[in-house]
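Take a look at the letters that make up each chain.
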Amino acid sequence: MTTMRELRQAAGLSQEKLAELAGTSQPQINKLETGQRKMTVDWAVKLARPLGVEPALLLGLDVPAVPTATPRPARPALAPLLRTAPAPQTQAAASMPVRAAARGGVDQEMFLEDGPIDWIARPDYLKNARDPYAMYVVGDSMMPRFRPAQLLHVNPHKPPAPGSGVVVVKRNKAVLVKEFVRRGTDAVILREYRPADREFAVALEDLDTLHTVVGLQEP
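Every residue gets a number counted from 1 within its own chain, in the order that chain's sequence is written. Only residues with pLDDT of at least 70 get local features here, since the model is predicted, and only at 80 or more are side-chain atom pairs given and counted; chain-wide, interface and lining totals rely on the full set of residues. Heavy atoms throughout the structure, all of them, feed into the side-chain values; hydrogens and water do not.

Attention shifts here to the overall build of the protein chain. When its secondary structure is counted, the protein chain shows seven helices and nine strands. Note on classification: 1.4 Å probe, protein chains only; a residue is buried when its accessible area is under 20% of the maximum for its type, exposed when over 50%, partly exposed between these limits. Out of the 219 residues belonging to the protein chain, those deemed buried represent 44%. Counting every atom, the protein chain has about 11,400 Å² of accessible surface; 52% of that belongs to carbon and sulfur. Here a helix means four or more residues in a row that DSSP labels H or I, a strand means two or more in a row labelled E, and each is numbered from the N terminus. Only the protein chains shown count as covering a residue, and every accessible area follows the Shrake-Rupley method with a 1.4 Å probe.

Laid out in structure tokens, this is it:
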């Protein structure tokens, strides 16, 4: 059986370049190649085009394991699934990924590093933004500002201003949706509304990323 690493190398792609073409990250490609992440139909569809192979080959189905310049037609058994997923180039230009839901509680976890759970049309105000994404809200700690099932639009490269909604990813993978208050010398100060309106600190040494919420979509 031809491995994903062999297919990538045969296509002359580095992990970084394949990640760019497939609309994902290099760590995700590495996890797929080393077996830390399972190859699913969604991943196969996303990776097949830049690798120049059929998705079925990445799923280990019985097809010739020879990369070609253009993808061959999908096997009938996979066709209904393949039609639901646009090409990665189209997704990157006109759509943005929906990440898993983030809870409002301080210690709730969500894995932003996972692949998208859906794709939505990119709003005009994010047309030229780099790497925007959307995220469902779960939990009520930010009501009435953010409510459960709302879909937040996030620009990961826009610096937050005091009062901005933010998605905070901690190094332990806990993800918070909060209000940005200020950045101190050793901590970021955030605010939540429930169960009590309060400010609290996240130490910079515990902080992975801080992304700005720039819009939302009602359920």
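Let's pick the thread back up.
What follows is about helix α4 (residues 41-51). With eight of eleven residues buried, α4 lies mostly within the body of the structure. A positive phi of about 75° marks Gly52, the residue just after α4.

The next subject is the pairing of strand β5 (residues 165-170). Counting buried positions along β5 gives six out of six residues, so the element sits mostly inside the fold. In short, DSSP must find at least two bridges between two strands for them to pair. Across five bridges, β5 lies against strand β6 (residues 175-183) in antiparallel orientation. Bridge pairing links Gly165 to Glu179 in β6. Connecting the antiparallel pair β5 and β6 is a turn made up of four residues, with Lys173 showing a positive phi of about 80°. Pairing analysis gives five bridges linking β5 to strand β9 (residues 207-217), with the strands arranged antiparallel. Its bridge partner being in β9, Lys170 is matched across the sheet by Leu207.

Moving on, we come to the nonpolar core. As used in this record, nonpolar core signifies buried Ala, Val, Leu, Ile, Met, Phe, Trp, Tyr and Cys residues forming a set joined through side-chain atoms within 4.5 Å. Formed by 17 residues in total, the largest nonpolar core has its most connected members in Met4, Leu18, Met39, Leu47, Leu51, Val53 and Leu58. We call two residues contacting when some pair of their heavy atoms lies within 4.5 Å. The residues contacting Met4, other than those within four sequence positions of it, are Leu18, Ile29, Leu32, Glu33, Met39, Leu47 and Leu58. Counting 13 residues, the second-largest nonpolar core is a separate cluster that includes Met135, Met142, Leu152 and Val169.

Attention now moves to the packing of aromatic side chains. Two aromatic rings from Phe, Tyr or Trp, using only the six-membered ring of Trp, form a pair when their centres are within 6.5 Å; if the ring planes differ by under 30 degrees the pair is stacked, by over 60 it is edge-to-face, and anything between is tilted. Throughout the structure, instances matching the rule amount to zero aromatic pairs. Think of it as a cone above the ring: NZ of Lys or CZ of Arg counts as a charge over the ring if it is within 6 Å of the ring centre and within 35 degrees of the ring normal. Stacked on the ring of Trp43, the Lys or Arg Lys46 has its end atom at 4.6 Å from the ring centre.

Let's shift gears to the environment of Glu16. For Glu16, the location among the structural elements is in helix α2 (residues 15-22). Spatially, the C-alpha atom of Glu16 lies 9.5 Å from that of Asn30, the residues being 14 residues apart in sequence.

Salt bridges are defined by distance alone: a side-chain nitrogen of Lys or Arg within 4 Å of a carboxyl oxygen of Asp or Glu. Applying the stated criterion across every chain yields a total of eleven salt bridges. We note a salt bridge from Arg5 to Glu33, for which the minimum N-O separation is 3.3 Å. Note that Arg5 is positioned in helix α1 (residues 4-10) and Glu33 in helix α3 (residues 26-34), a separation of 28 residues in sequence. In this structure Glu33 comes out as buried when scored by relative accessible area, which is 14%. The residue Arg191 makes a salt bridge to Glu179 at a minimum N-O spacing of 3.6 Å. Of this pair, Arg191 sits in strand β7 (residues 187-192) while Glu179 sits in strand β6, and the two are twelve residues apart along the sequence. You can call Arg191 partly exposed: its relative accessible area is 25%.

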